[in-house]
Amino acid sequence: MRFCADHMLGSLARWLRFLGFDTAYPEVLSDKELINLAESEKRVILTRDKELAKKRNIEALYIESTDLEEQLIQVIVGFNLKITDAFSRCSICNSILVPVKKALVKGKVPEKVYAWQNEYWECQKCQKYYWQGTHFQGIKAKLEELKGKTSAT
Ligand SMILES: [Zn+2]
């Protein structure tokens, strides 16, 4: 499933990419342009705009909360998404990340990170490095827990 987040949902777009979901986050667009983009790229629109989400003939989800974790949960639980490709996409540009050997990031990531992280990924477009920080672990654990609850009921 591919997404297209409206301009109110930048953090959500970045986190969906982090978790491996192809998410477009275009510059501010009119409703019509946003719908065209979603249609041509077969993306589900994620929006804070209730009127837009209600339009006929489009696939859209109205995001209720302004809280990032609640937004993520709404999307992931709502579409029953499985997080199997975390760290496959750059949170900045949506490009595919490639794993890199630890030795290659020496001096390029903070020393403290280098000391305790063994797995790294690189975006070849922005040359940005990624690793699984504590914020990521926290959100992932929370999502797993919530998904456990929803599938049990
Ligand atoms: Zn990138």
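Model, not experiment: these values are computed from the prediction. (Residues numbered from 1 in each chain as written. Predicted model: local features only at pLDDT ≥ 70, side-chain atom pairs only at ≥ 80, totals over all residues.)

## Some remarks on the nonpolar core
Rules: Among buried residues, those of type Ala, Val, Leu, Ile, Met, Phe, Trp, Tyr and Cys that are joined through C-beta atoms within 7 Å form a set called a nonpolar core. Three exposure classes are used. Buried residues have 20 or more other C-beta atoms within 10 Å of their own C-beta, exposed residues have 12 or fewer, and partly exposed residues fall in between, all C-beta atoms being placed from the backbone. Each residue is represented by a C-beta atom placed from its backbone, and any two residues with such atoms within 7 Å are regarded as in contact.
Ranked by internal contacts, the top residues of the largest apolar core, which has 22 residues, are Cys4, Ala5, Leu12, Leu16 and Leu46. Dropping the residues within four chain positions of it, leucine 46 is found in contact with Phe3, Cys4, Ala5, Asp6, Leu9, Leu12, Leu61, Ile63 and Val75.

## Examining the sheet that holds strand β7 (residues 129-130)
In a beta sheet, neighbouring strands pair by backbone hydrogen bonds and run either parallel or antiparallel. Rules: Any two strands are treated as partners once DSSP identifies two or more bridges connecting them. Here a strand is any run of E in DSSP of at least two residues, a helix any run of H or I of at least four, and the numbering for each starts at the N terminus.
Read across the sheet, 3 strands follow the order β5-β6-β7 without closing on themselves; strand pairing throughout is antiparallel. Looking at strand neighbours, the two that pair on one side only are β5 (97-100) and β7, the edges of this open sheet. Two strands pair when backbone bridges link them, and strand β6 (residues 120-123) and β7 are joined in this way by 2 bridges, in the antiparallel orientation. Paired with glutamate 122 across the two strands is tyrosine 129, which belongs to β7.

## What about the sheet that holds strand β4 (residues 60-62)?
Keep this limit in mind: Here the axes come from fitting lines to C-alpha atoms, over the contacting stretch only for helices, and the angles between their N-to-C directions go from 0 to 180 degrees.
Spatial strand order, β2-β1-β3-β4: 4 strands in an open sheet with parallel pairing. This sheet does not close on itself; its edge strands, each paired only once, are β2 (23-24) and β4. Across the sheet, helix α2 (residues 31-40) touches β1 (3-5), β2 and β3 (44-47), and the angle it forms with β1 is around 165 degrees.

## Digging into helix α1 (residues 10-18)
By the burial criterion, the buried members of α1 are Leu12, Ala13, Trp15, Leu16, Arg17 and Phe18. Looking at the residues trailing α1, positive phi occurs at glycine 20, about 105 degrees.

## With respect to unusual backbone geometry
Positive phi is not limited to glycine here, since asparagine 57 has a value of about 65 degrees. Residue position: asparagine 57 is located in the loop between α3 (50-54) and β4. By the C-beta count within 10 Å, which is 6 here, asparagine 57 ends up exposed. Positive phi values are uncommon outside glycine, yet asparagine 80 reaches one of about 50 degrees. For asparagine 80, the position within the fold is in the loop between α4 (68-78) and β5.

## What about α4?
The test is simple: This arc is taken over the directions from the axis of the helix to the C-beta atoms.
Along α4, the residues classified as buried are Gln71, Leu72, Val75 and Ile76. Considered in projection along α4, the buried side chains sweep an arc of 120 degrees and stay on one side of the axis. Just downstream of α4, asparagine 80 is the residue with a positive phi angle, here 50 degrees.

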